[in-house]
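The residues making up each chain are set out below.
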Amino acid sequence: MLLSRLARVSQEVAAASARSRKIALLAELFRDAEADDVPIVIPYLAGRLPQGRLGVGWKVLGRPVAPAAEPTLTVREVDALLGRLGGVSGPGSRAERARLVGELLGAATEDEQRFLFGLLTGEVRQGALDAVAVEGLARATGAPAAEVRRAVMLAGSLQTVAGALLADGPAALERFRLTVGRPVLPMLAHSASSVAEAVEKLGACAVEEKLDGVRIQVHRDGDTVRVHTRTLDDITDRLPEVTAAARELPGERFVLDGEVVSFDADGRPRSFQETAGRVGSRVDVATAAREVPVSPVFFDALSVDGRDLLDLPFAERHAELARLVPEPLRVRRTVVSGPQDTGAAEEFLAATLERGHEGVVVKGLDAPYSAGRRGASWLKVKPVHTLDLVVLAAEWGHGRRAGKLSNLHLGARTADGGFAMLGKTFKGMTDAMLAWQTERLRELAVDEGGYVVTVRPELVVEIAYDGLQRSPRYPAGVALRFARVVRYREDKRPEEADTVEALLAAHPEVRP
DNA sequence: TTCCGACAGTGGGGTCGCAAT
DNA sequence: ATTGCGACCCCACTATCGGAA
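The name recorded for chain A in an unreviewed UniProt entry is Probable DNA ligase, from Streptomyces griseomycini. Under the Catalytic activity (unreviewed entry) heading, UniProt states for chain A: "ATP + (deoxyribonucleotide)n-3'-hydroxyl + 5'-phospho-(deoxyribonucleotide)m = (deoxyribonucleotide)n+m + AMP + diphosphate." Per UniProt, chain A has the following entry under Sequence similarities (unreviewed entry): "Belongs to the ATP-dependent DNA ligase family."

K.L.:
Explain the sheet that holds strand E5 (residues 253-261) to me, and be specific about the residues and the numbers.
P.N.:
On the basis of which strands lie adjacent, the open sheet formed by 5 strands has the order E4-E3-E5-E6-E7 and antiparallel pairing. Edge positions in the open sheet fall to strand E4 (224-228) and strand E7 (307-308), since each of these has one partner strand only. Pairing of strand E6 (residues 295-304) with E7 involves 2 bridges; the strand directions are antiparallel. Across the sheet, the residue bridging to Val304 is Arg307, located in E7. Of the strands in this sheet, strand E3 (214-221), E4, E5 and E6 are in contact with helix H12 (residues 240-248), which crosses E3 at around 45°.

K.L.:
Give a description of the nonpolar core that names residues and reports values.
P.N.:
The nonpolar side chains of a soluble globular protein tend to be buried, and buried together. Of all hydrophobic cores here, the largest spans 63 residues; its most connected members are Leu6, Phe30, Tyr44, Leu45, Leu82, Val148 and Val161. Those residues in contact with Phe30 that sit more than four places away from it in its chain are Val41, Ile42, Leu45, Ala133, Gly136, Leu137 and Ala140.

K.L.:
Outline the protein's contact with DNA strand B, supporting the account with residue identities and numerical values.
P.N.:
Neighbouring DNA strand B are 42 residues, the closest being Arg125, Gly127, Asn407, Phe426 and Tyr474. Expressed as a percentage, the sugar and phosphate content of the atoms of DNA strand B within 4 Å of the protein is 90%. Measuring from a phosphate oxygen of DNA strand B, one finds a side-chain N or O atom of Arg125 at 2.2 Å. Those elements that provide at least two residues to the surface near DNA strand B are helix H6 (93-106), helix H8 (130-141), helix H13 (272-280), strand E12 (405-413) and strand E17 (467-470).

K.L.:
How would you summarise the UniProt feature "active site" (unreviewed entry) in chain A if you had to cite specific residues and measurements?
P.N.:
Cross-referencing UniProt, the feature "active site" (unreviewed entry) maps to Lys210 in the present numbering. One can find Lys210 in strand E2 (residues 205-210). The exposure class assigned to Lys210 is buried, which follows from its relative accessible area of 18%. Setting aside residues up to four positions removed in sequence, Lys210 forms contacts with His357, Glu358, Gly359, Val360, Val361, Lys380 and Lys382.

Scoring rules and cut-offs
Residues numbered from 1 in each chain as written. Chains lettered and ligands numbered in written order. Predicted model: local features only at pLDDT ≥ 70, side-chain atom pairs only at ≥ 80, totals over all residues. Heavy atoms only, no water. UniProt positions renumbered as here; feature names shortened; annotations may be inferred. Pairing = 2+ DSSP bridges. Helix = DSSP H or I, 4+ residues; strand = E, 2+ residues; numbered from the N terminus. Contact = heavy atoms within 4.5 Å. Axes fitted to C-alpha atoms, helices over the stretch in contact; angles between N-to-C directions. Core = buried A, V, L, I, M, F, W, Y, C linked by side-chain atoms within 4.5 Å. Buried < 20%, exposed > 50% of the residue type's maximum accessible area, 1.4 Å probe, protein only. Near = heavy atom within 4 Å. Polar contact = N/O pair within 3.5 Å; in protein donor to acceptor, adjacent residues only side chain to side chain.

In structure tokens:
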């Protein structure tokens, strides 16, 4: 199949607003793909590379290359070239990658270049990714969409399922069951604004502490232990403590879901930055493990002794977990009977925060494990802080925000009467707010030269954030974590905005 | 007819490791 | 030695479609 066909379909998908139309377009293309093209075409149209990321980003792609006049590239040729690209490493590899990318782009037409650009940067922006591709695949093969989706979650990969389906038809879906040693997409949580709201929604539920670390899925099959992240990357080699802990457990075959975190000498959780830095260290793991030891803490069991527990109610899965995993290696929790018992849930949240953790996750007791879904039966509750800050500058948006000032630079007052930038945010704005702030900020602009528009520091905005973190980049030595706009405060003058001093006083746990 | 769940898009800060400077 | 870049960790929120209620 020619790459030009994919590029054209991707454009048509982007132009279609109806999901059903997007699905139909993808299904038609998948149906036409030859067997050898399928493992390439399907991931490409889901906005994904079969090889994973290739070490090619905006910088390498930034240099314009004269496009080819006629489309001649086939998807198999593209795949072969990207395969070579992925294998390049060592001195001179940057130049070699750039050369290969240039070769590829030079053979592509303008439309094809645009498609490849999106694919390589992971931003296809056609309003259709995995979920829509799954529907298209189901349509193309005559398999029920729900079963295809479930197979993809259990295989942890769309390609694998696509290959099997196109080779053997819908019957192939039978093969995709939870298998120890093969990671499945983890279940995710929604947010709730309070414990009361969460308990109201879920009724009888467990309230569990939410640890601020890295999600892990641990598979043990006899002596073999594998540890995977939320995106199913294998990080076994970086976490010897987790492997050791899994081998200590009194079971030969199991799959557990949990979090890996680091505690200091007093048993207080270290900052996310410290834990994530440790988990990210892969060269000298022994040293990293000595300096920042980590512990696994589990909260769910997906499989124990060959029994697949996914469809069991959480209460039963947790009973299995408790049989296998001793209490110190499980998250703290309390069970409440319903809204009449909200007080106990709130006390548990307060105690959890007192111990230095992030918040709680409230979980319905009768819900199954919805692999790969953001299940409505898991609700996280974290405290939210707010500040009144001053807009120092704004950046022009992209995509559907093109032509709008989107990303705000946020400042707090300093002792000398100036402002210190604490981070940026593009979150929380409605379309109406985007339009309004674009107009208002242009009135305040002192420099509209580049993609950053600097403004007179006069506009006050209320910002919600999750916490403060140490920053090597911003002048106050701290930055806001997950900042988002709540509303503009036109009733406030910049002299009434919050100060850096007050912010630091409110977060004694963080020192710049 | 209205409501709500699922998705995609729009980017945020930090750290690590590698290659280039 | 330092800098630049890409890959991944963590993530919030809004708009939209389409099926559920």
